[in-house]
Amino acid sequence: MVVDQPCDRGRKFELIDGQQRFTTLWMLCHVWRRSLESFLTVTEDRQILPRLGFAIRPTVNRYLKSLVFTEHDGEEETARNQKMREAVATMEALFKRRSLPDGVSLEEHLEGLSRFVFEKVKLVLTVVPSETDLNKLFEVINNRGVQLQHHEILKARMLDALSEEERRAYAVLWDSCADMGEFLERGLAANSPLRAKDVAQLCDPGMMARDAEPLAKAGAVLDQLNITVQGQRSADALGLDEILISPGVGGELKNVNDEERLEGTTWMRSIIGFPMFLQHTLRIWLFRERRPDLPRILDRELLQLFETHFFYDATDSEQSERCRSFIKLLWELRYLFDKHFIKWIDRGEEEIHMISPLSLSTSDGVPNLSRGRESEKQQGFGLLQSMLYHSQEITTHYWITPLLNFIHKTPQEPHNYYEYLRHLDTYLLGSTIEGSLIERTRSFVEKPWARYELKHKRELRKEHGVSFWHYWFYKLEFVLWYLRRSENSKWRDFRFTAKTLWNIFLHKIR
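Residues numbered from 1 in each chain as written. Predicted model: local features only at pLDDT ≥ 70, side-chain atom pairs only at ≥ 80, totals over all residues. Heavy atoms only, no water.

A. Highlighting the overall build of the protein chain. A count of helices and strands for the protein chain gives 23 helices and 9 strands. Burial statistics for the protein chain: of 510 residues in total, 42% are counted as buried. Across the protein chain, the fraction of contacts at a sequence separation of at least 24, relative to all contacts at a separation of at least 6, is 63%. With the model as given, the accessible surface of the protein chain reaches about 29400 Å², and the carbon-plus-sulfur share is 50%. (Helix = DSSP H or I, 4+ residues; strand = E, 2+ residues; numbered from the N terminus. Buried < 20%, exposed > 50% of the residue type's maximum accessible area, 1.4 Å probe, protein only. Contact = heavy atoms within 4.5 Å. Areas by Shrake-Rupley, 256 points an atom, 1.4 Å probe, with all protein chains shown as cover.)

Here you go:
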């Protein structure tokens, strides 16, 4: 931030915010000189002066002049300007410590680098009215940044544990999973060099019925990403050395054409956010690693939960393997979540819960993936999920963990997943099993088909009044649909909403 000061000739700016950045830039110009030398000074009344000056630090000004006109600092000022002197020494030693490209001298390297900085670094001047409250403007500018979300910090830590060669592909998997507002296969096409048809080629109709398609396997997706990246080396980001010695080699990166994107987009919204999905994934990962479960699911404690249960007590190689296995599991669970779990689907005037199945088709020899409406066979599975969504705590949805683990561990025909969810719902919420909900769901991860004494008959006869567990009202609606779904079209088209018999009951007693 600068303030335009009155000046007889030219323009003079008082630097309010950005002193360190501007001073560093000026010192780099001094060290590298060459194409940057013209930025070091200005001419005022036929006198050449350093472009940068400090109004109340005369010793610093003398030090800057000594750099400009003698190219070394004066001995009498060394102690007072120790930090700036060390910074200049570091800049001067940078390319002495670092190897240069073959056949390129230090002089050629610095000439190219200085020209690149001079031509590419832009100083943008935004003018505001003279009556602007500068204190308020300064406060707004310094608070303009958007804080990183917890899952973004977690991603950085996960990728930091991986080698540089594999980091790019794993980052694609993570970024594709993180966008819960888009289906995963579309996220993959948007976040990677893979085109829509490349993604579609990872599917096989015969294998999709049992969740065995390559797209469902993180290893196959990583292999395809690596193959594609190797085939597109010319589009990779170049190092600064390569840019300087081979101008124009890199060309321009091209975005995937809109027509190459996956067709058949259906607007949807996930029933949970990415932080919660990460915690469900972590629960399954901990079970597979024979580790204790999380004490709770709580989005605001995401980093703390991972710190305590994932990152602790491991060597560098062990940590790397943990992060690889977790991101692979994350991809595979997210793929199954999109394929078999309900979403909020836009129906024009309303949103409804539906499973949006993935299908593969071919047009002019080009494979395409699309999303459609759930079939009649999937309706019961979707309605039961919807019942659990509305009747369980919206910030945890503990029931997702055992269902997702079952689908991933024992891939089979979708109607078997419905059969398991009916079993899970009955014995998780309608039996005498003891413990908190997170403890009970962990027990069904360990023993998916466990049975306990049912208590619904006993519970439904109790006189709880307004404290009656509202789950039973949602369950009653599901049972009514199950028994009468073949009677008429109204029952066949039945969907759960927030307005249930529970709301009607409360309204009547009021």
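Structure shown, so let's carry the discussion forward.
B. Expanded view of the pattern of salt bridges. Here the structure, examined in full by the defined rule, presents 20 salt bridges. Of the charged contacts in the structure, one is a salt bridge between lysine 339 and aspartate 211, with a shortest N-O distance of 2.8 Å. Residue lysine 339 is located in helix H15 (residues 316–340), and its partner aspartate 211 is located in the loop between helix H10 (205–208) and helix H11 (218–230); the two are separated by 128 residues in the primary sequence. Here lysine 339 falls in the buried class, since its relative accessible area comes to 8%. Look at aspartate 211 and you get buried, because its relative accessible area is 2%. (Salt bridge = Lys/Arg side-chain N within 4 Å of Asp/Glu carboxyl O.)

C. Here's a closer look at the side chain of serine 391. Mapped onto the elements, serine 391 comes out in helix H16 (residues 376–391). What serine 391 contacts, discounting residues up to four positions off in sequence, is His470, Tyr471 and Tyr474.

D. The arrangement of the side chain of threonine 228 in detail. Relative to the helices and strands, threonine 228 resides in helix H11. Looking at threonine 228, the relative accessible area reads 12%, which means it is buried. Among all residues touching threonine 228, those that are not within four sequence positions of it are Pro193 and Leu194.

E. Structural detail: the packing of H11 against H15. Look at H11 against H15: their axes get within 9 Å of each other, and the N-to-C directions meet at 105°. Relative to H15, the element H11 is oriented roughly perpendicular. Counted together, Ala218, Val221 and Leu222 of H11 and Lys328, Trp331 and Glu332 of H15 form the full contact between these two elements. By residue class, the composition of the contact of H11 with H15 is 4 nonpolar, no polar and 2 charged. (Axes fitted to C-alpha atoms, helices over the stretch in contact; angles between N-to-C directions. Parallel < 35°, antiparallel > 145°, perpendicular 65-115°, else oblique. Nonpolar A, V, L, I, M, F, W, Y, C, P; charged D, E, K, R; others polar.)

F. Quick look at the sheet that holds strand E5 (residues 268–269). Read from one edge to the other, the open sheet built from 3 strands follows the order E5-E6-E7, with strand pairing classed as antiparallel. Strands at the two margins of the open sheet, each flanked by one partner only, are E5 and strand E7 (351–354). Sheet analysis places strand E6 (residues 343–346) next to E7, joined by 4 bridges and oriented antiparallel. In the strand pairing of E7, tryptophan 344 is matched with histidine 353. (Pairing = 2+ DSSP bridges.)

G. The nonpolar core, seen in detail. Grouped together as the largest cluster of nonpolar side chains are 95 residues, with contacts concentrated most on Met158, Leu215 and Phe306. Leaving out residues up to four positions away in the same chain, phenylalanine 306 has contacts with Leu154, Met158, Leu278, Leu282, Phe311 and Phe326. Leu25, Trp26, Leu64 and Leu110 belong to the second largest nonpolar core, which has 23 residues in total. (Core = buried A, V, L, I, M, F, W, Y, C linked by side-chain atoms within 4.5 Å.)

H. Local environment of the packing of helix H17 (residues 400–409) against helix H19 (residues 437–446). Orientation of H17 relative to H19, taken along the N-to-C sense of each, is 10°, at an axis distance of 8 Å. The angle between the axes of H17 and H19 places the two elements in the roughly parallel class. Across the interface between the two elements, Thr401, Pro402 and Asn405 from H17 touch Thr441, Phe444 and Val445 from H19. Class assignment of the residues belonging to the contact of H17 with H19 gives a composition of 3 nonpolar, 3 polar and no charged.

I. Structural context of helix H8 (residues 184–191). For H8, the buried fraction is high: 6 of the 8 residues fall into the buried class. Buried within H8 are the following residues: Leu184, Glu185, Arg186, Gly187, Leu188 and Ala189. Of the surrounding elements, those touching the buried residues of H8 are helix H7 (164–178), helix H9 (196–200), H11, H15, strand E8 (358–363) and strand E9 (366–371).

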